[in-house]
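Remarks on the overall topology
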Amino acid sequence: MRHQTRSCLATDLADWLVRKGVPFRHAHHLVGEAVALAEARKIPITQISLADWKKINPVFNASALDVFSVEKGLAARTTIGSPNPKLVKQQLARWQKILVARKKPIK
């Protein structure tokens, strides 16, 4: 699970960079630098200091660190089938109605 969480956060960080105007190819490279730095220091990527983020690239600022919130990451995903909590609740309600309707006897 740790690796999956790290991958999710890395993807969110690359998306954040793209929203800041960084081409995805370059964003992917910058995130790779951050992951390598964290691994070399044996710390989670979330513990890299803002000063070190700025050494990787000046585009990083305090708002970049907001992407490390799982809740915000899930909420930001809004496409059909995504793990957005609101969409998941909608699908659960939809399927509960379908299951209830199927349990009703046919007349």
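By convention here, each chain's residues receive numbers from 1 onward along its written sequence. Residue-level local features of this predicted model are given only where pLDDT is at least 70; pairs of side-chain atoms are given and counted only at 80 or more, and the full residue set underlies all totals for whole chains, interfaces and linings. By convention in this description, side-chain values take in all heavy atoms of the structure and omit both hydrogens and water.

Topic: the side chain of Asn57
Our working definition: A run of DSSP states H or I qualifies as a helix once it reaches four residues; a run of E qualifies as a strand once it reaches two. Both are numbered from the N-terminal end. Three exposure classes are used, based on accessible area relative to the maximum for each residue type with a 1.4 Å probe and protein chains only: buried under 20%, partly exposed in between, and exposed over 50%. Note on definitions: a residue-residue contact is assigned when non-hydrogen atoms from the two residues lie within 4.5 Å.
Take Asn57: it is sitting in the loop between α3 (50-56) and α4 (70-76). Taking the relative accessible area as the measure of exposure, Asn57 reaches 17% and is therefore buried. Ignoring anything within four residues of it in the chain, the contact list for Asn57 reads His26 and Leu30.

Some details on the environment of Ser63
Just so we agree on the cut-off: Any pair of N or O atoms that falls within 3.5 Å is considered a polar contact. Within protein, one atom must be able to donate a hydrogen and the other to accept it, and sequence-neighbouring residues count only if both atoms are side-chain atoms.
Within the fold, Ser63 resides in the loop between α3 and α4. On the basis of relative accessible area, Ser63 is assigned to the partly exposed category, the value being 30%. Distance in space between the C-alpha atoms of Ser63 and Trp16 is 9.2 Å, their sequence separation being 47 residues. If near-sequence neighbours (up to four positions away) are discounted, Ser63 is found in contact with Trp16 and Lys20. Side-chain polar atoms of Ser63 contact the side chain of Asn61, separated by 2.5 Å.

Quick word on the nonpolar core
This is how it is decided: Among buried residues, those of type Ala, Val, Leu, Ile, Met, Phe, Trp, Tyr and Cys that are joined through side-chain atoms within 4.5 Å constitute a nonpolar core.
Residues Leu13, Leu17, Val31, Ile45, Trp53, Phe60 and Phe68 are the most contacted members of the largest nonpolar core, which totals 21 residues. Those elements that place two or more of their residues in this core are α1 (2-19), α2 (24-41) and α3. Residues within four places of Val31 in sequence aside, it is in contact with Ala10, Leu13, Ala14 and Leu17.

Structural notes on the packing of aromatic side chains
Each aromatic ring pair is summarised here by two numbers: the centre-to-centre distance and the angle between the ring planes. What counts here: Ring geometry is summarised as follows: Phe, Tyr and Trp rings, the Trp one being its six-membered ring, pair when their centres sit within 6.5 Å, and such pairs are stacked at plane angles under 30 degrees, edge-to-face over 60 and tilted between the two. Comment: the charge-over-ring label is applied if NZ (Lys) or CZ (Arg) is within 6 Å of the ring centre and within 35 degrees of the ring normal.
By the definition in use, this model includes 3 aromatic pairs. Ring centres of Trp16 and Phe60 lie 6.0 Å apart, and the angle between their planes is 5 degrees; this geometry places the pair in the stacked category. Here Phe60 lies in the loop between α3 and α4 and Trp16 lies in helix α1, a separation of 44 residues in the sequence. Residue class for Trp16 comes out buried when judged on its relative accessible area of 5%. Consider the rings of Trp53 and Phe68, whose centres lie 6.0 Å apart with planes at 35 degrees: the pair is tilted. A residue pair is termed long-range when its members are at least 10 positions apart, and Trp53 in helix α3 and Phe68 in the loop between α3 and α4 qualify at 15 residues. These aromatic residues form a ring-pair network of at least three members: Trp16, Trp53, Phe60 and Phe68. Between the NZ or CZ atom of Arg94 and the centre of the ring of Trp95, over which it lies, the distance is 4.7 Å.

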